[in-house]
Amino acid sequence: MDKLRNSFYKGSYPPKHTTHIADGNTRCNVFEGFIDFLSAERLGLNDGSDSVVLNSVANVGKALTIFPDYSVIACYLDNDEAGRSALARLRREFGDKIMDKSALYPDHKDLNDYLVATQPKISNNSKLKL
């Protein structure tokens, strides 16, 4: 998917697709976007679980065929109406397998917003050492 971004606009060329990172685990983490997936990596939340990046909550329907074999589906979705709606749809489809992980970042829009707010800032004067 090609993305168009700058400081004034964020968009992409349709159609959007889901990304499934599978390694045969019984647990799966679900993220609304790839930046949230990367934030989870930074926070150590992916802990070997498989992952699904929706790339838009509009893709929940496209992802439904991925989830039946998972015993736990941990959802790190946005704290907004669209995220709650996607979570509700997943709960209707998969019941108790669905875990709402947004309680980890209740005062933030999403997992990345939480990461940015809680991690130490790198000063402009410091050099990144690799």
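Residues numbered from 1 in each chain as written. Predicted model: local features only at pLDDT ≥ 70, side-chain atom pairs only at ≥ 80, totals over all residues. Heavy atoms only, no water.

## Description of the pairing of strand β6 (residues 72-76)
Part 1: Counting buried residues in β6 gives five out of five residues, a clear majority hidden from the surface.
Part 2: Of the two faces of β6, both are covered, the one formed by Val72, Ala74 and Tyr76 as well as the one formed by Ile73 and Cys75.
Part 3: Of the strand pairs in this sheet, strand β4 (residues 27-31) and β6 are connected by five bridges, and their pairing is parallel. Looking at the pairing, valine 30 lines up with cysteine 75 of β6.
Part 4: Alignment of β6 against strand β7 (residues 98-100), held across three bridges, turns out to be parallel. Residue pairing for β7: cysteine 75 is matched across the bridge by aspartate 100. (Buried < 20%, exposed > 50% of the residue type's maximum accessible area, 1.4 Å probe, protein only. Helix = DSSP H or I, 4+ residues; strand = E, 2+ residues; numbered from the N terminus. Pairing = 2+ DSSP bridges.)

## Description of unusual backbone geometry
Part 1: In this model, aspartate 47 sits at a positive phi of 25°, which is unusual for a non-glycine residue.
Part 2: Note that aspartate 47 resides in the loop between α1 (34-43) and β5 (50-53).
Part 3: Residue classification places aspartate 47 among the exposed positions, given a relative accessible area of 59%.

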